[in-house]
Amino acid sequence: MGKLTFSMGGVHPHDSKFARERAIEELPLPQTVYVSMAQHLGAPAKPVVAVGDKVKVGQVLAEPGGFISAFIHSPASGTVKSIAPRKDLAGNPVMHVEIAVEGDEWDPAIDRSTDLVTAIPEDKAAILDRIKACGVVGLGGATFPAHVKLNPAPGKVAECLIINGAECEPFLTSDYRIMVERPKEIVIGAAIMQKVLGGCKCVIGIEENKPEAIASMGAAVAELGYPGITVQPLKKRYPQGGEKQLIDAVMKRQVKSGGLPIDVGAVVQNVATSLAVYEAVQKNKPLITNVLTITGDKMPVERQHNYLFRIGVPLSFIVEHAGGIPDDAAKLISGGPMMGKAISNLDAATVKGSSSVLYLSEAATRRHPETNCIRCGKCADACPMGLEPFLLNRLYKAADLEALEKNAAQDCIECGCCLYSCPAHLPLLDNIRQAKGQVMGVIRARAAAAKAAAEAAKK
Amino acid sequence: MDKKYIVSPSPHIHADVSTTSIMRDVIIALCPAIVISVLAYGWAELLVLAVSVASCVLLEWAVTRWMLKKPSTIGDLSAVVTGLLLAMNLPSSIPLWIVFIGAVVAICVAKLPFGGIGQNVFNPAITGRVFLLVSFPAQMTNWTPTPGFIPLPDAVSGATPLGALKEALKSGSTIPQFMQANHYDMASFLWDAGASAGEISAGALLIGFVYLLIRRVVKPWIPICVLGTMALISALFHGINPDIYTGVQFNLLTGGAMLGALFMATDYVTSPMSTLGGIIYGVGIGLIAMMIRYFGSYPEGMSFAILLMNCAVPLLNMWFHQKKYGRA
Amino acid sequence: MTQTIIWTVAILTVLGLLLALILFWVARKFKVEEDPRIDEVEKVMPGANCGGCGFAGCRAFADAAVKATNLDNQYCPVGGDDVMQKVASILGFTVAKKAPQVAVVRCNGTCANRPRTNEYDGVQSCRVKAALYSGDTGCSYGCLGCGDCVAACQFGALSMNPETGLPVVDEEKCTACGACTKACPKHIIELRAKGPRGMREFVSCVNKDKGPVAKKACAAACIGCGLCAKTCQHGAITVTDNVAYIDFTKCKLCRECEAVCPTGAIHGVNFPKELDKEAVKKRIADRKAKAAEAAKAAAEATAAAAKPAEKKEVANG
């Protein structure tokens, strides 16, 4: 089978997957966990527990705060100490439920055995309900509630479920580890989602720099024998794991600007989400754990880890457990080096989507001084959305919102390829991200005005 | 956290590329041609190169420092590239003060007044060269080859092949007669066309350009279009009347065709950013250059062609954009 | 030769005439009828096109003013009352005078007061920085120091003080157009009344964190203790969300709040004399003592007056 890739742009950073051979270890529980109420895209969840309540592992802590929102479960057993704003990793206050950990008592409804359950329930609605009730969200980065994505609007038909095992971000190895260690669960999860979507075909896309994962996933697919599931090797190229890029690579279709993947018949879910779906549907286990990589560019491999952590564990606890911050670390990042967020508050708690703690040295991460744009066009060559970052940057500085919209600033996926490849070290993405926000504001305001006008006309 | 860690927006890593590294690659790519020209024309050529580079760098340093009062940009090596390209467009016998004037025009007229690197509309080296060509036509076109380190097999004195040809055609001889009279051999032109540093060896320039392609510094579209257009037009005209129109090989291997197409037309700053724009730009240069060669009074049209198409770049950038994802 | 010259001159003359005719025709055909008063109004405007009035520029302002039925909703902060009077006289309106205002930076988180907790390494833009995180100090409300306000100011009235890392307003140049207040993502800059001879009193902090948190992040933070509000005799100070605010329409510039503020978050500027905190505190104490005495006396008086009632009460008790 040929290796596929997306049609435009992209860059080739060194993959730096130093922690690839480090097997997943289970992280112990700290004395206190802090569960954020905003762990997913959409409205924050509303707490349903009160201070002083005793909770068990897996018990519901909060319910969805809107249509696009998700349930949140307790990652530990103990007493609710407080429900108050606490700073997230960017230092912004977010509502958190603080739980003082006492023992490790699980909700008895959760099947904690390691037995593989291969029989998939028949009732689609029941499966969807279970995915929703277990608070499963997309773990590829955007943390979009999975049950919403798996339940396309009427009239929209899913033709292809793409399971994203690209893990194109350098350094990260958590998806790789689960594909090597738990391939069967992932395949069953994929089969469950395939069933919910009405039996469409399913493609598991994995980048070529992970041959062991391709092999293990291929073996699991063959062994379990679900119909219509294939493993598709992909070329190594960032941002292969971007939703739009993956659809382009696998299906040779492009999602229209402002459209959704389902418009071209695609549903994309990450391998970690697939595992979470398996655990939710087959084991009744809510999304309270995830795998996270501790890695860095100057870090000895022995100190790098892949941890199975409980959501809500403070980052500082994980860092301490892994032996503290290396001396030559200059920047701490949650997520990959291309799209991850720099950590300014290490006391922040992990969330469902946490995928790594990455230490980068001064040499690797310090920005170089800006110089003049030499109009080389490398940013435009690198942009996987076919945008012209140099132009958007200029228009942003001129505050020309109209031209920004015309030149599709709102299509930016913030992958960072432009800034990565700029020889003049211009802060392209910094500015384009702002431009995108402003243009989106204009578009939303216009849509709202149009809606209001339509309603007024109706009356 | 006692230590102050860095916080910045993503991405957190950067490709190992900078303006300096790109300019360094261009300098490396020019080396083969420089070596051949120095071997052919000796100390005089080396002196022209040295004076040109030194004046460009010094002028840029002085002007940014004392007139613009901005941080100096000589570290990005762009002035070195300008100096090299300018020198490669000059005959080795040229008086050094003319070289300096060329550098003044390149740096202080074409480059810095527009805002320095990245902002100039016209290629500085070509602007300098054209200024000299117009101001000092005798010194620029007529010259005696200076003694080289290796003897040239067919040292022609007086004019470049294109210049000599123009004269010959004016005096009524035909091209085959001219070729025979001068013992021109197309195969040897690849390495030794008997002209200024940048024109002497198309082969060496091509080697350098392949290096740039491998390093992904430039894309091949513009040179392909320039040379392709030139080849097409000369094939056409040569086919119609071989007596007065020169052939494909002669046109591609003489004059600044190679240097212009490979190193000047591909200058980032003064070429269009989109592929389609680049194709039009390249075709335009080839077309204008050939028109000047065939019908103009100048023997060589590459510099004028590039300068003229430089004017069209802002327009091409405005008209042609690259294809966007998910938009028809 | 002569022929050539004659021909050239003739052709150029004819061409010139032809083009002139076309231009004349176009000018006639596409002429836009405009109220001549728009030009008149525009002439008296400052011409900075800063947008401080809320319109795209001075001409847009003039256009709107001519079409309006009164000038209540329009004000040119740059030209101030002088310009507004002129505009009003051209259009035959009357306008009320407005107190001159000035931009005030409400953050005193200098490098010394507010230790840095991390190092920002992105583009020097407050907007970008604010979108990314809470800032490179412990205070998530204070000045980010990238100078978006300086860039927004059309009048060169703002500059960054390299020592404090905070913007400084040049009161002479500030026209109170409000561009900086919109540019600041933390909403630190406020337009406040310039005050008599430029004297004014304001709380130089917007930190909404609880006292101890705010204090830990910045030595000059308002900790929301409310002392100032209790001291103020004019009801000018309110404390909401752990931060005090002085209403400049009520402030009488007595500087008592400034004297009692434990963190020095309240600033008084352009006063002729330096504030003698002790003297003011003594004055407050004396007044309080007097008030207490008076209250005591009053209480005694009422008690005396109410004695029969008290007796009655006792009897009832």
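Residues numbered from 1 in each chain as written. Chains lettered and ligands numbered in written order. Predicted model: local features only at pLDDT ≥ 70, side-chain atom pairs only at ≥ 80, totals over all residues.

Explain the overall build of chain B to me, please; I cannot follow it from the model alone.
Of the regular secondary structure elements, chain B holds 15 helices and one strand. For chain B, the C-alpha radius of gyration of 21 Å lies close to 20 Å, the compact-globule estimate for 328 residues. Structurally, chain B occupies a C-alpha span of about 85 × 50 × 30 Å along its principal axes. Excluding contacts between residues fewer than 6 apart, the proportion of contacts in chain B whose partners are at least 24 apart in sequence is 73%. (Helix = DSSP H or I, 4+ residues; strand = E, 2+ residues; numbered from the N terminus. Rg over C-alpha atoms; globule rule 2.2 N^0.38 Å. Contact = placed C-beta atoms within 7 Å.)

What exactly am I supposed to notice about the overall build of chain C here?
Of regular secondary structure, chain C possesses 12 helices and nine strands. Relative to the 2.2 N^0.38 estimate, which gives 20 Å for 317 residues, the radius of gyration of chain C is 31 Å and therefore markedly larger than a compact globule would have. In terms of overall dimensions, chain C has a C-alpha envelope of 130 × 55 × 40 Å along the principal axes. Taken across its 317 residues, chain C has 34% of its residues classed as buried. A separation of at least 24 residues holds for 57% of the contacts in chain C among residues at least 6 apart in sequence. (Buried ≥ 20, exposed ≤ 12 C-beta atoms within 10 Å, placed from the backbone.)

For this particular structure, what's the right way to read the interface of chain C and chain B?
Many analyses report the size of an interface as the accessible area lost when the parts associate. Taken together, the 11 residues of chain C in the interface contact seven residues of chain B. When residues of the side of chain C that touches chain B are traced back to their parent elements, those giving at least two are strand S2 (118-120) and helix H5 (126-132) of chain C. If you tally residues by element for the side of chain C that touches chain B, the top one is S2(C), at three residues. In terms of residue class, the side of chain C that touches chain B is built from four nonpolar, three polar and four charged. In the sheet, strand S1 (residues 5-7) of chain B pairs with S2(C) via three bridges, with the strands oriented parallel. Within S2(C), the residue paired with Tyr5(B) across the bridge is Asn118(C). (Nonpolar A, V, L, I, M, F, W, Y, C, P; charged D, E, K, R; others polar. Pairing = 2+ DSSP bridges.)

For this particular structure, what's the right way to read the domain arrangement of chain B?
All names here are of chain B. On domain assignment, one finds that chain B holds domain 1 (19-140) and domain 2 (161-195 + 219-319). On the side of domain 2, 14 residues touch domain 1, which itself brings 17 residues to the contact. Counting only elements with at least two residues in the side of domain 1 that touches domain 2, the list comes to helix H1 (19-67), helix H2 (78-88) and helix H4 (124-135). No other element matches H4, which puts six residues into the side of domain 1 that touches domain 2. A per-class count over the side of domain 1 that touches domain 2 returns 11 nonpolar, five polar and one charged. (Domains from an automatic or database assignment.)

Would you take a moment to explain the sheet that holds strand S3 (residues 46-47) of chain A for this structure?
All names here are of chain A. Pairing within the open sheet is antiparallel, and its three strands lie in the order S3-S5-S6. Across the chains shown, the open sheet's two edge strands, defined by having one partner strand only, are S3 and strand S6 (72-73). Sheet topology places S3 next to strand S5 (residues 60-63); two bridges connect them, and they run antiparallel. Across the sheet, Pro47 pairs through a bridge with Ala62, a residue of S5.

What should I look at first to understand the pairing of strand S17 (residues 356-361) of chain A in this one?
On a regular strand, one side chain projects to one face of the sheet and the next to the other, so that they alternate. All names here are of chain A. The element S17 is largely enclosed, with a buried count of five among its six residues. With four bridges joining them, strand S13 (residues 289-296) and S17 adopt parallel strand pairing. Bridged to Gly296 within S17 is Tyr359. Here strand S15 (residues 329-334) runs beside S17; their pairing, made up of four bridges, is antiparallel. For Leu332, the partnering residue across the bridge sits in S17 and is Tyr359.

It is not clear to me how the sheet that holds strand S2 (residues 32-36) of chain A should be interpreted in this structure. Could you clarify?
Backbone-to-backbone hydrogen bonds join strands into a sheet, with any given pair of strands oriented parallel or antiparallel. Read from one edge of the open sheet, four strands run S2-S8-S7-S4 (chain A), paired in antiparallel fashion. Because the sheet does not close on itself, it has two edges, and the strands there are S2 and strand S4 (54-55) of chain A.

What am I meant to see in the interface of chain A and chain B here?
Contacts between the two partners involve 51 residues from chain A, matched on the other side by 32 residues from chain B. At the level of secondary structure, the elements contributing two or more residues to the side of chain A that touches chain B comprise S15, strand S16 (341-342), helix H9 (362-365), helix H13 (417-421) and helix H14 (428-458) of chain A. A breakdown of the residues in the side of chain A that touches chain B according to their chemical character gives 27 nonpolar, 13 polar and 11 charged.

For this particular structure, what's the right way to read helix H3 (residues 58-67) of chain C?
Every α-helix winds through 3.6 residues per turn, so residues three or four apart in the chain are directed the same way. All names here are of chain C. Of the residues making up H3, those classed as buried are Cys58, Phe61, Ala62 and Ala65. All buried residues of H3 project into a common sector of 100 degrees when viewed along the axis, lining one side. The secondary structure elements touched by the buried residues of H3 are helix H2 (36-44) and helix H4 (80-91). (Arc of directions from axis to C-beta.)

How should I be thinking about the nonpolar core in this particular structure?
Where a protein is soluble and globular, its nonpolar side chains tend to be buried together. Ranked by size, the top nonpolar core spans 156 residues in total, and within it Leu161(A), Ile162(A), Ala190(A) and Val277(A) carry the most contacts. Ignoring anything within four residues of it in the chain, the contact list for Ala190(A) reads Leu161(A), Ile163(A), Cys202(A), Ile204(A), Ile229(A) and Ser274(A). (Core = buried A, V, L, I, M, F, W, Y, C linked by C-beta atoms within 7 Å.)

Would you explain helix H15 (residues 302-319) of chain B in this entry?
All names here are of chain B. The end-to-end C-alpha separation of H15 is 25 Å, in line with the 26 Å expected for 18 residues at 1.5 Å each. Those residues of H15 not exposed but buried are Met302, Ser303, Phe304, Ala305, Ile306, Leu307, Met309, Asn310, Val313, Leu316 and Asn317. Looking at the buried side of H15, the elements it contacts are H4, helix H13 (257-264) and helix H14 (275-295). (Expected span 1.5 Å × (residues − 1).)

Is there a simple way to explain the environment of Arg367(A) in this structure?
If you trace the backbone, Arg367(A) turns up in the loop between H9 and helix H10 (378-382). C-beta crowding within 10 Å serves as the criterion here: with 17 such atoms nearby, Arg367(A) is assigned to the partly exposed category. Here Arg367(A) is in contact with His425(A), Ser8(B) and Asp121(C), once residues within four sequence places are set aside.

I tried to follow the packing of H1(B) against helix H10 (residues 202-214) of chain B on my own but got confused; where do I start?
Residues and elements named next belong to chain B. Viewed as axis vectors pointing N to C, H1 and H10 meet at an angle of 165 degrees, and their least axial separation amounts to 8 Å. The orientation of H1 relative to H10 falls into the category roughly antiparallel. When the axes of H1 and H10 are compared, the crossing they make is right-handed. Listed contacts from H10 to Asp25, Val26, Ile28, Ala29, Leu30, Cys31, Pro32, Ala33 and Ile36 of H1 are Ala204, Leu205, Ile207, Gly208, Phe209, Tyr211 and Leu212. (Axes fitted to C-alpha atoms, helices over the stretch in contact; angles between N-to-C directions. Parallel < 35°, antiparallel > 145°, perpendicular 65-115°, else oblique. Left-handed = near helix turned anticlockwise from the far one by under 90°.)

Would you take a moment to explain the environment of Leu205(B) for this structure?
With respect to the helices and strands, Leu205(B) occurs in helix H10. With residues up to four places along the chain from it excluded, the contact list for Leu205(B) reads Ala33(B), Met258(B), Leu259(B) and Leu262(B).

Could you clarify how one ought to interpret unusual backbone geometry in this entry?
Trans peptide bonds make up the majority, and among non-glycine residues the majority have a negative phi. In this structure, the amide linkage connecting Tyr238(A) to the following residue, Pro239(A), adopts the cis form with an omega of 0 degrees. Residue placement: Pro239(A) occurs in the loop between strand S11 (229-234) and helix H6 (243-251). For the bond running from Ser10(B) to Pro11(B), omega is -5 degrees, close enough to zero to count as cis. Relative to the elements of secondary structure, Pro11(B) occurs in the loop between S1 and H1. For Ser16(A), which is not glycine, the phi dihedral falls at a positive 45 degrees. Among the structural elements, Ser16(A) can be located in the segment before strand S1 (24-26). You will see that Asn270(C), though not glycine, has its phi angle at about 65 degrees, which is positive.

What am I meant to see in the confidence of the model for chain C here?
Low-pLDDT stretches of the model should not have their predicted coordinates read in fine detail. Per-residue pLDDT for chain C has a mean of 88; in total, 97% of the residues score no lower than 70. Among the prediction metrics, the complex's ipTM stands at 0.89, with pTM recorded as 0.87. (pLDDT = per-residue confidence, 0-100.)

What am I meant to see in the packing of H4(B) against H15(B) here?
When two helices pack together, their arrangement is given by the angle between the helix axes and the distance between those axes. Residue and element names in this part refer to chain B. Where H4 contacts H15, the axes come no closer than 10 Å and their chain directions differ by 130 degrees. By the criterion of interaxial angle, the relationship of H4 to H15 is oblique. Crossing of H4 over H15 shows left-handed handedness. Across from Ile126, Thr127, Arg129, Val130 and Leu133 in H4, the residues of H15 making contact are Ser303, Phe304, Ile306 and Leu307. Looking at the contact of H4 with H15, its residues break down into six nonpolar, two polar and one charged.

Which parts of the structure should I look at to understand the confidence of the model for chain B?
Per-residue confidence for chain B gives a mean pLDDT of 87; residues scoring 70 or more make up 90%. No element of chain B has a lower mean pLDDT than helix H8 (residues 186-189) of chain B, at 62, and none a higher one than helix H3 (residues 96-111) of chain B, at 95.

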